[in-house]
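Listed below are the residues making up each chain.
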Amino acid sequence: MNLLFHFQNYFQQNQVLQPGDVLLLAVSGGVDSIVLCELCKQAGFPFVMAHCNFNLRGEESQRDENFVRQLGEKYGVDVFVQSFETNTFATENKLAIQEAARTLRYGWFTRLRLENNFAYTVLAHHADDNIETLLMNFFRGTGLHGLTGIPESNFRKTRLLRPMLSFRRYEIEIFAKKNQLAWVEDSSNTSLKYTRNYFRNQLIPELKKVFPQVEESLLHSIDRFKKIDALYQAGVEQLKKKLCEQHLNELRIPVNKLLKYNHTSILYEITKEYGFGEKQVKEINKLLDAASGRFIENDHYQVIRHRNWLIIAPKAVETETVAIEKDQVRISSSGGILDLEFVSQQRFVLNRSATTAQLDAKHIEFPLLLRKWRQGDYFYPLGLQKKKKLARFFIDQKIPKNQKENTWVLESNKKIIWVVGMRIDDRFKITSSTKEVLQLNWTSL
């Protein structure tokens, strides 16, 4: 294969470069990234280098950094270097070393590209990497999409380019030797404690003894899986449009419609965007037969069974209590903005909006407290002469769990005067003897 021709053809076909664009090359110092630099040089593409020192291999890590700096001098380009305490990061975030290194480097590449307005981050992944990724995803059970290997599409959104993904490793090494390129070897590439190395150095060589053409067959399979996955995703998108209804920041799905399909794959495709994985789909599926109010959650979202719906909504965030003095006219909280106004009886106009409360000012004691409701809270709902716990009030009003968790109350002298956006307390209502009205207007964020 003429690597330079195919490398240039990748950029021409995808039309990714504009005049003045500068590419950010991820350069480890290994043969793959060294060839990437040389191909950019021969193609005439402006570039700079980015090198990650993960401090995992002692003096060898420093050797690699020095080598890349010297390479920058050879090509006359800028070299950006970032040193990471990878072991510490992995421990603090409970990640495997490889996953921690990946998180660190991609985060830094993105920041570096944005800060310097580089066009794309260019990575030296090649066909053999793709084979290894396919096999690892297969054994992990990542599903159909995992069998498509390393992602190469949607680069205009991710700003990641992999122009060497069709190159075999042996072709890269031939190019490097023919062009008399020097590179450094990473001693950890021989260690079987890393999953990818086990597949590269042990499993695939054993497979080749039985199936000599296994690598070529797997590369062809990747192409076929990509085409199949494209059809599958198109079908999924059509189903999601039929099933899902967006309401502000929550997604609602009619349970009866879901039951017609009786397939966990559609549940996975809908909920994966909210951080739910394959292992949680079984529990989500149980919600279809569960009582109203049942739910499962992850760190950021809940899937809630509410009457005839499944609702996917953000989890409530613990928020502050805001004290409000009498002279304040506007207060901001993490849930919304509260405007206060005192209105004389002569200027008073009744407002029945749910986001407005009108109270008899003579019963109000400052400071007021704006806060999230808590278990045990009660008030006297307008029109009733006896108290009711908010938990029971929400049940009677058929309020979904996610809405309950994001409900605020306004309190005066330890009495709830308004369940914000729902009902005022009967003890603070306006009567014929009211002389001044405290009018409250709430705008949700």
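Residues numbered from 1 in each chain as written. Predicted model: local features only at pLDDT ≥ 70, side-chain atom pairs only at ≥ 80, totals over all residues. Heavy atoms only, no water.

Chemist: Kindly report on the sheet that holds strand E21 (residues 436–444), identifying the contributing residues and their values.
Modeler: Pairing is antiparallel in the open sheet, where four strands are placed in the order E12-E13-E21-E14. In this open sheet, the two strands that pair with only one neighbour each are strand E12 (330–332) and strand E14 (356–360). For this sheet, the mean angle separating the axes of adjacent strands, direction not counted, is 20°. One ladder, built from nine bridges, connects strand E13 (residues 336–344) with E21; its direction is antiparallel. Within E21, the position partnered with Asp339 by the bridge is Asn441. (Pairing = 2+ DSSP bridges. Helix = DSSP H or I, 4+ residues; strand = E, 2+ residues; numbered from the N terminus. Axes fitted to C-alpha atoms, helices over the stretch in contact; angles between N-to-C directions.)

Chemist: Describe in detail unusual backbone geometry, supporting the description with residues and values.
Modeler: Along the chain, Phe366 connects to Pro367 via a cis peptide bond; the corresponding omega equals 0°. With a phi angle near 50°, Asn413 is a residue other than glycine that sits in the positive phi range. Summarising the element assignment, Asn413 is placed in the loop between strand E18 (408–412) and strand E19 (415–419). Residue Lys414 is not a glycine yet carries a positive backbone phi of 70°.

Chemist: Go over the pattern of salt bridges, please, and point to the residues and values.
Modeler: Applying the stated criterion across every chain, the model contains 28 salt bridges. Where Lys240 meets Glu273, a salt bridge forms, and the shortest distance between an N and an O atom there is 2.3 Å. Here Lys240 is found in helix H10 (residues 214–243), whereas its partner Glu273 is found in the loop between helix H12 (264–271) and helix H13 (278–286), with 33 residues between them in sequence. When the shortest N-O distance is used, the salt bridge between Glu411 and Arg371 registers 2.9 Å. You can see Glu411 sitting in strand E18 and its partner Arg371 sitting in strand E15 (residues 368–372), a full 40 residues away along the chain. Connected through salt bridges with shared partners, the residues Asp128, Asp129, Glu132, Arg168, Arg169, Arg196, Arg200, Lys208, Glu215 and Glu216 form a single ionic network. (Salt bridge = Lys/Arg side-chain N within 4 Å of Asp/Glu carboxyl O.)

Chemist: Describe the packing of H10 against H12, with residues and values.
Modeler: The axes of two packed helices give the description: the angle between them and the distance between them. With their axes 10 Å apart at the nearest point, H10 and H12 run at an angle of 85° to one another. Taken together, the axes of H10 and H12 lie roughly perpendicular to each other. The segment H10 lies against H12, with Tyr232, Gln233, Val236, Leu239, Lys240 and Leu243 engaging Ser265, Ile266, Glu269 and Ile270. Taken together, the residues of the contact of H10 with H12 sort by class into six nonpolar, two polar and two charged. (Parallel < 35°, antiparallel > 145°, perpendicular 65-115°, else oblique. Contact = heavy atoms within 4.5 Å. Nonpolar A, V, L, I, M, F, W, Y, C, P; charged D, E, K, R; others polar.)

Chemist: So what about helix H3 (residues 59–75)? Which residues, and what values?
Modeler: Side chains of residues three or four places apart in an α-helix project in the same direction, reflecting 3.6 residues per turn. In this model, H3 (17 residues) spans 25 Å end to end at C-alpha, consistent with the 24 Å of a helix rising 1.5 Å per residue. Turning to H3, its buried residues number three or more, namely Glu60, Ser61, Asp64, Glu65, Phe67, Val68, Leu71, Gly72 and Tyr75. Buried residues in H3, looked at end-on, bunch into an arc of 160°, giving them a common side. What points out from H3, more than 90 degrees from its buried face, is the exposed set Glu59, Gln70 and Glu73. Taken from the residues just after H3, Gly76 is the one with a positive phi, measuring 70°. (Expected span 1.5 Å × (residues − 1). Buried < 20%, exposed > 50% of the residue type's maximum accessible area, 1.4 Å probe, protein only. Arc of directions from axis to C-beta.)

Chemist: Run through the packing of helix H4 (residues 86–93) against helix H5 (residues 97–116), naming residues and quoting values.
Modeler: Where H4 meets H5, the axes come as close as 9 Å, and the angle between the chain directions of the two elements is 105°. Considering the angle they form, H4 stands roughly perpendicular to H5. For the pair H4 and H5, contact is made by Thr86, Asn87, Phe89 and Ala90 and by Ile97, Ala100, Ala101, Thr103 and Leu104, respectively. Residue classes in the contact of H4 with H5 are distributed as six nonpolar, three polar and no charged.

Chemist: Provide a residue-level description of the sheet that holds E19, including the pertinent values.
Modeler: Whether parallel or antiparallel, the strands of a sheet pair through hydrogen bonds between backbone atoms. With respect to topology, five strands assemble into an open sheet ordered E11-E15-E18-E19-E20, the strand pairing being antiparallel. The open sheet has two free edges, formed respectively by strand E11 (322–324) and strand E20 (423–424), since each of these has just one partner strand. Of the strand pairs in this sheet, E11 and E15 are connected by three bridges, and their pairing is antiparallel. Across the sheet, Ile324 pairs through a bridge with Leu368, a residue of E15.

Chemist: Describe the environment of Phe379, naming the residues involved and giving the relevant values.
Modeler: Summarising the element assignment, Phe379 is placed in strand E16 (residues 378–379). Classification of Phe379 as buried rests on a relative accessible area of 0%. Along the backbone, Phe379 and Ile417 are 38 residues apart, and their C-alpha atoms lie at a distance of 7.5 Å. Setting aside residues up to four positions removed in sequence, Phe379 forms contacts with Lys386, Lys387, Lys388, Leu390, Phe393, Ile416, Val419, Arg423, Ile424 and Asp425.

Chemist: Outline the nonpolar core, supporting the account with residue identities and numerical values.
Modeler: If you look at the biggest cluster of nonpolar residues, it comprises 38 residues, and the most contacted ones within it are Phe7, Leu23, Leu25, Val35, Leu39, Met49 and Met164. Of all the secondary structure elements, the ones that give two or more residues to this core are helix H1 (3–14), strand E1 (23–26), helix H2 (31–43), strand E2 (47–53), H3, strand E4 (120–122) and helix H8 (169–178). Among the elements that make up this core, the one with the highest residue count is H2 (eight residues). Setting aside residues up to four positions removed in sequence, Leu25 forms contacts with Leu36, Cys37, Cys40, Phe47, Val48, Met49, Ala50 and Val122. (Core = buried A, V, L, I, M, F, W, Y, C linked by side-chain atoms within 4.5 Å.)

Chemist: Tell me what's going on with the packing of aromatic side chains, and back it up with residues and numbers.
Modeler: Tallied over the entire structure, the rule returns 20 aromatic pairs. Look at Tyr10 and Phe11: their rings are 5.4 Å apart centre to centre, the planes differ by 80°, and that puts the pair in the edge-to-face class. The same class applies to Tyr10 and to Phe11, which are both buried. With a centroid separation of 5.4 Å and an interplanar angle of 80°, the aromatic rings of Phe138 and Phe139 are classed as edge-to-face. Phe139 shares its class with Phe138; the two are exposed. Among the aromatic residues, those joined into a ring-pair cluster are Phe54, Phe84, Tyr106, Trp108 and Phe109. (Phe/Tyr/Trp six-rings, centres within 6.5 Å; stacked < 30°, edge-to-face > 60°.)

Just geometry here; none of it tells us what the structure is for.
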